[in-house]
Amino acid sequence: MSARAPVRIEDRHQFDCLIDARSPAEFALDHVPGAINLPVLDDAERHIVGTIYKQQGAFEARRVGGAMVAANLARHLREHLADKPANWKPLVYCWRGGMRSGSMVNWFRLVGWDAQQLPGGYKRWRHHVLAVLEAQCPQLPLRVVCGATGSAKTRVLHALAARGAQVIDLEGLACHKGSLLGALPGVPQPSQKAFETRLAEQIEQLDLSRPVYVEAESRKIGRIALPTPLLERLRASPCIELDVPFDARLAFLLRDYAYLGDDADALVRKLEPLRPLLGAETIERWQGWAQTRQLAPLFEELARLHYDPQYARSQATHFHRWAERQTVPGASLDEAGIDALAAALLARDAVDQPETPHAHVG
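Rules and cut-offs
Residues numbered from 1 in each chain as written. Predicted model: local features only at pLDDT ≥ 70, side-chain atom pairs only at ≥ 80, totals over all residues. Heavy atoms only, no water. Salt bridge = Lys/Arg side-chain N within 4 Å of Asp/Glu carboxyl O. Core = buried A, V, L, I, M, F, W, Y, C linked by side-chain atoms within 4.5 Å. Buried < 20%, exposed > 50% of the residue type's maximum accessible area, 1.4 Å probe, protein only. Helix = DSSP H or I, 4+ residues; strand = E, 2+ residues; numbered from the N terminus. Contact = heavy atoms within 4.5 Å. Pairing = 2+ DSSP bridges. Axes fitted to C-alpha atoms, helices over the stretch in contact; angles between N-to-C directions. Parallel < 35°, antiparallel > 145°, perpendicular 65-115°, else oblique. Left-handed = near helix turned anticlockwise from the far one by under 90°. Nonpolar A, V, L, I, M, F, W, Y, C, P; charged D, E, K, R; others polar. Right-handed = clockwise from strand over helix to strand, strands pointing away. Expected span 1.5 Å × (residues − 1). Arc of directions from axis to C-beta. Polar contact = N/O pair within 3.5 Å; in protein donor to acceptor, adjacent residues only side chain to side chain.

Using the criterion set out here, one finds 19 salt bridges in the structure. With its nearest N and O atoms 2.9 Å apart, the salt bridge here joins arginine 321 to glutamate 324.

Quick look at the structure:
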């Protein structure tokens, strides 16, 4: 394919463009960060070629597929790539670095571009992601931000980041708030593989000589499972607990989850799984409040009867260093109060959690 040495994963940033030649469905499931999708076969065409391969053999599949590939490459050259200069240098990959990316690279080189192929394709990228998580998660100098429901832990993480601290926002990466009611309206969660790609990309940019703040999470955030190396590190790391009065937490919940009142029927359905835990009478009362959009009494009882007791039970079980946690008190959870919590957390952590030098990862 090229007289050059094979391209490494780490070399991908040296190219002008990273092109994923797989189908749109494959690309949507997960892809190398920064890649654009220029499929040589779309989803329907890939299915047709696969069926022909099974029923009529490789030659007929290549003959039919070759015509589709040629048509798609011609379209890309006319449309997406019409303005690329002679010195444009793209890196192309497909599933395993085979015929799809190879066809594209051959065409590009005939045009005159210095196109290169990523050996091993997306499959190699996937191995890279898993290797990063396996190797780097056990080294992360995590500070686990804990606090009862409504303590604005995610917002405090954002305030920490604004102050220059290193943060991993797991709920942001997972597009979910992590609780029973945590699904974001109109925002689907990524695939498990896409979540892990996002996480690995962020971890690779961290400086392990400095603390990394992360929110306390259970094994799953919505339908996304935390990688085992990260979960184990999370549970073994020092904890910092936000101690905020109940009334301030309730006021924050009513602001942060106000959108739940927009779809009463959906909220009713989300409460149903709690029936075996809390009984029919309680859940039916809550569902009645949901139907009439009375979020204040609903959230108050949800916190007092379900989330707060669950929090009290689970922390010591899941976090091995819970008994030695540091506590940061806060009076309010408006913008100023959240920033004050972040400032106090950084000050307390600097005193109580001296740093251990680590190697830089990047």
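Read on, since the account is not over.
This part takes up the nonpolar core. Core analysis: the biggest nonpolar cluster contains 44 residues, and Leu140, Ile168, Leu170, Leu199 and Ile203 have the highest contact counts within it. If you list the elements that add at least two residues to this core, you get strand S3 (90-93), helix H5 (121-136), strand S5 (142-147), helix H7 (170-174), helix H8 (192-204), strand S7 (212-215) and helix H9 (228-236). Not counting the four nearest positions on each side in its chain, leucine 199 is found in contact with Leu133, Ile168, Leu170, Leu173, Pro227 and Leu230. One finds Leu41, Ala61, Val92 and Val105 within the second-largest nonpolar core, a separate group that totals 21 residues.

Ordered by their spatial adjacency, five strands build an open sheet running S6-S7-S5-S10-S11, and the pairing between neighbours is parallel. Edge positions in the sheet fall to strand S6 (166-168) and strand S11 (326-329), since each of these pairs with one other strand and no more. Looking at each pair of strands side by side, their axes are set apart by 30° on average, direction ignored. Bridge analysis of S6 against S7 gives three bridges, and the strand direction is parallel. Bridging from a neighbouring strand, valine 167 pairs with tyrosine 213 of S7.

This paragraph deals with unusual backbone geometry. Positive phi is not limited to glycine here, since cysteine 175 has a value of about 55°. Secondary-structure assignment places cysteine 175 in the loop between H7 and H8. Residue class for cysteine 175 comes out buried when judged on its relative accessible area of 16%. Non-glycine residue arginine 293 carries a positive phi angle of around 60°. For arginine 293, the position within the fold is in the loop between helix H13 (280-291) and helix H14 (295-318).

Take the packing of helix H2 (residues 43-56) against helix H3 (residues 58-78) next. With their axes 7 Å apart at the nearest point, H2 and H3 run at an angle of 165° to one another. Considering their axes alone, H2 and H3 lie roughly antiparallel with respect to each other. Handedness of the H2/H3 crossing: right-handed. Residue-level inspection shows Glu45, Ile48, Val49, Ile52, Tyr53 and Gln56 of H2 in contact with H3, the latter providing Ala58, Glu60, Ala61, Val64, Gly65, Met68 and Asn72. Looking at the contact of H2 with H3 residue by residue, the class counts come to eight nonpolar, three polar and two charged.

Let's shift gears to the pairing of S3. Where burial is concerned, the two faces of S3 agree: the one with Pro90 and Val92 and the one with Leu91 and Tyr93 are both buried. Bridge analysis of strand S1 (residues 17-20) against S3 gives four bridges, and the strand direction is parallel. Note on S3: the bridge partner recorded for aspartate 20 is tyrosine 93. Sheet topology note: the S3/strand S4 (residues 116-117) ladder contains two bridges and is parallel. Across the sheet, the residue bridging to valine 92 is glutamine 117, located in S4. Viewed along the sheet, the connection from S3 through helix H4 (residues 99-111) into S4 turns out right-handed.

This paragraph deals with helix H6 (residues 153-162). Among all positions in H6, only Lys153, Thr154, Val156, Leu157, Ala159 and Leu160 are buried. Where H6 ends, the next residue or the one after it, glycine 164, has phi of about 95°, a positive value.

The sheet built from four strands is open, its strands ordered S2-S1-S3-S4 with parallel pairing. Unpaired on one side and paired on the other, strand S2 (36-37) and S4 mark the two borders of the sheet. With respect to the sheet, H4 is in contact with S1, S3 and S4, its orientation differing from that of S3 by roughly 155°.

Before going further, it helps to examine H2. For H2, built from 14 residues, the straight-helix expectation of 20 Å at 1.5 Å per residue is met to within 8% by its first-to-last C-alpha distance of 20 Å. Glu45, Val49 and Ile52 are the residues of H2 that are buried. Buried residues along H2 cover an arc of 60° about the axis, so they all sit on one side. Residues of H2 that are exposed and angled more than 90 degrees away from the buried face: His47, Lys54 and Gln55. At its buried positions, H2 is contacted by H3. Backbone nitrogen of alanine 44 and a side-chain oxygen of the N-cap are separated by 3.1 Å at the start of H2; the cap is aspartate 42. Downstream of H2 by one or two residues, glycine 57 has phi in the positive range, about 105°.

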